[in-house]
Amino acid sequence: MALTGSVELCDFIWQHECRKRWITYKEEELTILNKAIGKKQKTVKLPSSNIKREIIVHLDKMYQKNQVTSYEQRIRCGVYNNGFYSWSWLDDDGYWYCYPALVVLLLEVAYEQKKEKLSIYLNGDLEMDLINFVETNEETRTSRHINRDCLEIPLASVEGMMITASCKNHVSKMACEVNLSQSFILPEVSTSARAIGDTVQSSIMTVGVTSLNTEEEISLGPEDSKCIPVDSECQEHEKFHLYFENGVLFTATLNLTSLQKNSNKFYIIQLLEHNKRKQYCVWRRWGRVGSKGQNELVKYGSNIEA
């Protein structure tokens, strides 16, 4: 049974993580995100007047990425049911990640119906144990903890924005009308978010080495908006710019996903040159997608061949 084909969707509340806090999106952004869900989009771009902020929200993987800085943040969504509730799963590194919006809605309806289990197909058969709060992949037999989270959002703060009267009663209405005894098939999610089987996938998420047509197209100064910036997490990013040679900027972002290990990790590496003198260093940052991860800055003096 296809969820979007037979169940009426409601508006969700959306938040993104910022410095260990959850920030609710602006009214305009909430509207864009909810319309994208209704159109079954996997990604959506948010408007911004800041040239250093180009946010792409990945609705299937539940994170947002600044295309300019490559900085990634987790996102989450909640549905109203006498309060705003979200559902998340725990990865092997101890981070909680929100399910896609349609899964959140189904889980909340099942919880309202006091169901013990819910079966859905999300790039694989998943059984949700709502008594012990465990998700089990029927194909790989791997399990992980899940959680129902109450979002700290005062209803008064979103009145008149996007939570209509019908949406306030949407979950309870669905609980009376929808039969959750059958398995629900949700729209496919990118395999880099949830792959089927035990294979490990590796893919380039950002252009690994960016080629430019001519040297005149780029200024090596850090203020030039045409230049891909140094990773903002680098503690000395304002002192350096990306090394440029023969039409190539030396920067790469990699992604490694493994269902067997329940991991979704990133790796960033950049060759940097000082803005005022011939000094070079290599910046590396790695970790779980949606987190800042670990990092290392190694300086090599004035010898680029080092």
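Computed from a prediction, not measured in an experiment: that's the story for all the values here.

Draft legend 1. Geometry of the overall build of the protein chain. Summing up its helical and strand segments, the protein chain has five helices and 21 strands in all. Looking at the protein chain as a whole, 47% of its 306 residues are labelled buried. Partitioning the contacts of the protein chain with sequence separation of at least 6, the portion at a separation of at least 24 is 55%. Carbon and sulfur atoms form 48% of the exposed surface of the protein chain, whose accessible area is close to 15600 Å².

Draft legend 2. Spotlight on the pattern of salt bridges. All told, the structure shown has 12 salt bridges when counted by the stated rule. Among the salt bridges present, the one from Arg 141 reaches Glu 138, with a minimum N-O distance of 2.6 Å. Residue Asp 231 is joined to Arg 285 by a salt bridge in which the shortest nitrogen-to-oxygen separation is 2.6 Å. Of this pair, Asp 231 sits in the loop between β15 (209-211) and β16 (240-242) while Arg 285 is found in strand β20 (residues 280-288), placing the two residues 54 residues apart along the sequence.

Draft legend 3. Spotlight on the nonpolar core. Counting residues in hydrophobic clusters, the biggest one holds 42 residues, and the most contacted among them are Trp 14, Val 57 and Tyr 99. Tallying contributions element by element places helix α3 (residues 101-112) first for this core, with nine residues.

Draft legend 4. Just the environment of Val 57, in detail. By secondary structure assignment, the location of Val 57 is in strand β4 (residues 55-58). A residue is classified by how much of its surface remains accessible, and Val 57, at 0% relative accessible area, is buried. The spatial distance from the C-alpha of Val 57 to the C-alpha of His 16 is 9.8 Å, given a sequence separation of 41 residues. Leaving out residues up to four positions away in the same chain, Val 57 has contacts with Tyr 25, Leu 33, Lys 42, Thr 43, Val 44, Leu 46, Tyr 63, Gln 64 and Ile 75.

Draft legend 5. Quick peek at helix α2 (residues 27-38). An ideal rise of 1.5 Å per residue puts 16 Å on 12 residues; α2 measures up with 17 Å between its terminal C-alpha atoms. Turning to α2, its buried residues number three or more, namely Glu 29, Leu 30, Leu 33, Asn 34, Ala 36 and Ile 37. Seen along its axis, α2 keeps its buried residues to an arc of 155°; they face one direction. Turned more than 90 degrees away from the buried face of α2, the exposed residues are Glu 28 and Lys 35.

Draft legend 6. Fine view of the side chain of Gln 64. Relative to the elements of secondary structure, Gln 64 occurs in strand β5 (residues 63-66). Here the side chain of Gln 64 touches Tyr 25 through a polar contact of 2.6 Å, side chain to side chain. A distance of 2.6 Å separates the side chain of Gln 64 from the side chain of Gln 73, its partner in a polar contact. Not counting the four nearest positions on each side in its chain, Gln 64 is found in contact with His 16, Tyr 25, Ile 55, Ile 56, Val 57, Tyr 71, Glu 72, Gln 73 and Ile 75.

Draft legend 7. The pairing of strand β19 (residues 263-274), seen in detail. Where β16 meets β19, three bridges bridge the pair, whose relative direction is antiparallel. Directly across from His 241, in β19, lies its bridge partner Glu 273. Both β19 and β20 contribute to a ladder of nine bridges, which runs antiparallel. Directly across from Ile 269, in β20, lies its bridge partner Arg 284.

Draft legend 8. Summary view of the side chain of Arg 76. Relative to the assigned elements, Arg 76 resides in strand β6 (residues 72-80). Among buried charged residues, Arg 76 stands out as having no salt bridge; its nearest opposite-charge side chain is Asp 149, 5.4 Å away. Among the polar contacts made by the side chain of Arg 76, one reaches the side chain of Gln 15 at a distance of 2.7 Å. Residues in contact with Arg 76, not counting those within four places in the same chain, are Ile 13, Trp 14, Gln 15, Trp 22, Met 62, Ser 86, Cys 98 and Leu 151.

Scoring rules and cut-offs
- Residues numbered from 1 in each chain as written.
- Predicted model: local features only at pLDDT ≥ 70, side-chain atom pairs only at ≥ 80, totals over all residues.
- Heavy atoms only, no water.
- Helix = DSSP H or I, 4+ residues; strand = E, 2+ residues; numbered from the N terminus.
- Buried < 20%, exposed > 50% of the residue type's maximum accessible area, 1.4 Å probe, protein only.
- Contact = heavy atoms within 4.5 Å.
- Areas by Shrake-Rupley, 256 points an atom, 1.4 Å probe, with all protein chains shown as cover.
- Salt bridge = Lys/Arg side-chain N within 4 Å of Asp/Glu carboxyl O.
- Core = buried A, V, L, I, M, F, W, Y, C linked by side-chain atoms within 4.5 Å.
- Expected span 1.5 Å × (residues − 1).
- Arc of directions from axis to C-beta.
- Polar contact = N/O pair within 3.5 Å; in protein donor to acceptor, adjacent residues only side chain to side chain.
- Pairing = 2+ DSSP bridges.
- Lys, Arg positive; Asp, Glu negative; His and termini not counted.

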